[in-house]
Amino acid sequence: MLVLGIESSCDETGVALVQTQADADIPCLLAHALHSQIDMHRAYGGVVPELASRDHIRRVVPLVRQVMAAAGQTLESVDVVAYTQGPGLAGALLVGAGAACSLAAALDRPVWGVHHLEGHLLSPFLSADPPEFPFVALLVSGGHTQLMHVEGVGRYTLLGETIDDAAGEAFDKSAKLLGLPYPGGPELGRLAEAGDPSAVALPRPLLHSGDLDFSFAGLKTAVLTQVRRHAPLSSRMRADIAASTQAAIVEVLTKKAMAALARTGMNRLVVAGGVGANASLRAQLGAACAAKGVRVHYPELHLCTDNGAMIALAAAMRLQRGLAQPAKNYAFDVRPRWGLDMAPVLP
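Residues numbered from 1 in each chain as written. Predicted model: local features only at pLDDT ≥ 70, side-chain atom pairs only at ≥ 80, totals over all residues. Heavy atoms only, no water.

### Brief notes about helix α2 (residues 49-71)
Along its 23 residues, α2 runs 31 Å from first to last C-alpha, staying within 8% of the 33 Å computed at 1.5 Å per residue. Along α2, the sharpest change in direction is near 35° and occurs at R59; proline P62 comes one to four residues later. Buried within α2 we find A52, S53, D55, H56, V60, L63, V64, V67, M68 and A71. In this fold, the buried residues of α2 make contact with β1 (2-7), β2 (12-21), β3 (24-36), α1 (38-42) and α3 (90-107). Phi turns positive one or two residues past the end of α2, at G72, with a value near 70°. (Helix = DSSP H or I, 4+ residues; strand = E, 2+ residues; numbered from the N terminus. Expected span 1.5 Å × (residues − 1). Bend = angle between axes of the 7 residues up to and from the residue. Buried < 20%, exposed > 50% of the residue type's maximum accessible area, 1.4 Å probe, protein only. Contact = heavy atoms within 4.5 Å.)

### Things to note about the packing of α2 against α3
Taken N-terminus to C-terminus, the directions of α2 and α3 make an angle of 30°; their axes are 9 Å apart at the nearest point. Compared by their axis directions, α2 and α3 come out roughly parallel. Crossing handedness for the pair α2 and α3: right-handed. Two secondary-structure elements touch here, α2 through S53, H56, I57, V60 and V64 and α3 through G91, A92, V95, A99 and L103. Residues that form the contact of α2 with α3 fall into these classes: seven nonpolar, three polar and no charged. (Axes fitted to C-alpha atoms, helices over the stretch in contact; angles between N-to-C directions. Parallel < 35°, antiparallel > 145°, perpendicular 65-115°, else oblique. Left-handed = near helix turned anticlockwise from the far one by under 90°. Nonpolar A, V, L, I, M, F, W, Y, C, P; charged D, E, K, R; others polar.)

### Description of the pairing of strand β7 (residues 144-152)
Of all nine residues making up β7, seven are buried, and the element is well covered by its neighbours. As defined by bridge partners, strand β6 (residues 135-141) adjoins β7 across seven bridges and the pair is classed as antiparallel. Within β7, the position partnered with S141 by the bridge is H144. Hairpin connection from β6 to β7: two residues lie between these consecutive antiparallel strands, with G142 at a positive phi of about 55°. Direction of pairing for β7 relative to strand β8 (residues 155-161): antiparallel, over a ladder of six bridges. In the sheet register, L147 faces β8, and the bridge partner there is G160. (Pairing = 2+ DSSP bridges.)

### Points about the packing of aromatic side chains
Under the defined criterion, the tally for this structure stands at four aromatic pairs. Seen from their ring centres, F133 and F135 are 5.5 Å apart, and the 15° between their planes marks the pair as stacked. Using a relative accessible area of 25% as the deciding quantity, one classes F133 as partly exposed. With a centroid separation of 6.2 Å and an interplanar angle of 15°, the aromatic rings of F214 and F216 are classed as stacked. For F214, a relative accessible area of 0% gives the class buried. Stacked on the ring of Y298, the Lys or Arg R282 has its end atom at 4.3 Å from the ring centre. (Phe/Tyr/Trp six-rings, centres within 6.5 Å; stacked < 30°, edge-to-face > 60°. Lys NZ or Arg CZ within 6 Å of the ring centre and 35° of its normal.)

### Here we look at unusual backbone geometry
Look at the link from F133 to P134: it is a cis peptide, with omega at -5°. Position of P134 relative to the elements: it lies in the loop between α4 (116-122) and β6. Omega for the peptide link from Y182 to P183 comes to -5°, which places this bond in the cis form. Note on placement: P183 falls in the loop between α5 (167-177) and α6 (184-192). Phi is positive for D108, close to 60°, though the residue is something other than glycine. Mapped onto the elements of the fold, D108 is located in the loop between α3 and β5 (111-115). Assessed through its relative accessible area of 46%, D108 is described here as partly exposed. Located in the positive-phi region is L206, a residue other than glycine, with phi close to 60°.

### A closer look at the packing of α6 against helix α8 (residues 235-264)
Contact geometry for α6 and α8: axes closest at 8 Å, N-to-C directions at 110°. One element, α6, and the other, α8, form an angle in the roughly perpendicular class. For the element pair α6 and α8, the recorded crossing hand is left-handed. For the pair α6 and α8, the contacting residues are L188, G189, L191 and A192 in the first and R238, A239, A242, A243, T245 and Q246 in the second. Of the residues belonging to the contact of α6 with α8, the class tally is six nonpolar, three polar and one charged.

### So, the pattern of salt bridges
Applying the stated rule across the entire model yields 16 salt bridges. For D165, the salt bridge goes to K173, with nearest N and O atoms at 3.3 Å. Here D165 falls in the buried class, since its relative accessible area comes to 10%. One salt-bridge network, held together by shared partners, links D55, R58 and R59. (Salt bridge = Lys/Arg side-chain N within 4 Å of Asp/Glu carboxyl O.)

### Comments concerning the environment of S9
Within the secondary structure, S9 is located in the loop between β1 and β2. Ignoring any residue separated from it by four or fewer positions in sequence, one finds S9 in contact with T84, P87, G88, L89, A92, L93, H116 and D306. A polar contact of 3.4 Å, which involves the side chain of S9, links it to the side chain of H116. (Polar contact = N/O pair within 3.5 Å; in protein donor to acceptor, adjacent residues only side chain to side chain.)

### Here we look at the sheet that holds β1
Sheet architecture is open: five strands sit in the order β3-β2-β1-β4-β5, paired in mixed fashion. In this open sheet, the two edge strands, each paired with only one partner strand, are β3 and β5. Pairwise comparison of adjacent strand axes, ignoring direction, gives a mean angle of 25° for this sheet. Direction of pairing for β2 relative to β3: antiparallel, over a ladder of nine bridges. Note on β3: the bridge partner recorded for V18 is L29. Packed on one face of the sheet, α2 meets β1, β2 and β3 and runs near 30° to β2. Sheet contacts for helix α10 (residues 308-320): β1, β2, β3, β4 (80-86) and β5; angle to β2, the most-contacted strand, approximately 30°.

Fair warning: the whole summary comes from geometry, so function is off the table for now.
Encoded structure:
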C-alpha cells in the first residue's frame, strides 16, 4: 500500500511517499521533499501565519510532483492520501487539508487526517536505529513539551506537559531577547558553544516539583532580567547567557525524562521534535541514559523538523494495525488545538 503524506502545519511544506510492507511492521520511506519558509519569515523575526499559508499553496503541488518522480511512481498508484489535521496554524493546516482532499477526490482515493505530534512521536521508526514498543517519549516540538508513555501505535498516556511556555518557545524567545535572528533556537544553540553554561544563574522551573510537568515562562523572564542587567551586552556575555539558558532547559528536560523512565519502569526513551536536534540535549540525555542502561532513540536530524515523511509514516502504521479507516469523504476540517492523548483510537 502506498501512502502519500502532506505536512503544512506551520512554516515547512513537506510531502512524502511511504509503502507498507507485508513482512515488516515499519513502512518503507520511498521519497520525501521539504520546503522551509525560514528565509521568508526571518525578515519579520518569526512566523507570519498569512504568509505561511500563501507559501504552502505555492509549494505543495510541485513537491508532490517531485516526490512521485523521485519514487518512480505515478499518482494513480497512490492508495491513501494523508495530511496533517492538527495541531498547528489554522490557515496553514487548511492548505494541506484542502490539497490532500482535492487530490484524493481527483484520484478517487480515501483520505486520512493525521495528528502532527503523532507524526513526530513515530518519526524515529524511520531512523537507522528504530525503537521498539513500549517506551517513554519526550516530545519537544515548537509549542509542545510532553512526556508520554507509549505502549503502541495509538496507545498513548500523557505523563506530563508544559503548563505555560514550551522548551522550543523558551529557546526562541530567549534568542530573540539576545538579538539573535529567526529561527532562534538553533541560533542560540550555536552561540552557546562559545559560552560558559555556569556563568549566569538561571532558574530550573519545576525541577523538584515531584511531578512530570514543565514550565519555562519564568526562565524566559529570568533571561530578560539578565539581558537588562548586563546591557549593553558584550559578545562574551551574550554567549554566556545563551549557554546558561541552554543548560537550564536541557537539565530540566533530561531530569524529567529520567524521572519518567523511573516512574514507568521503562528502559527505552524516544526523543522527537525540533528541539530533539539540539546537540547539548542529545549529549546529556545520552550520558544519563547510558548510566542507567536505557536505550535512547532519535529521528534522523533531517526528520526532526516538521516533514511529510512522519505524516505518511503515522498514517501507514495506523493502517497496518487497523487503527485507521480512511474514507472517500472529502469534506475536511482542521484541529489547530488537538491533544495527542485525544488522538483517535479505534477498537
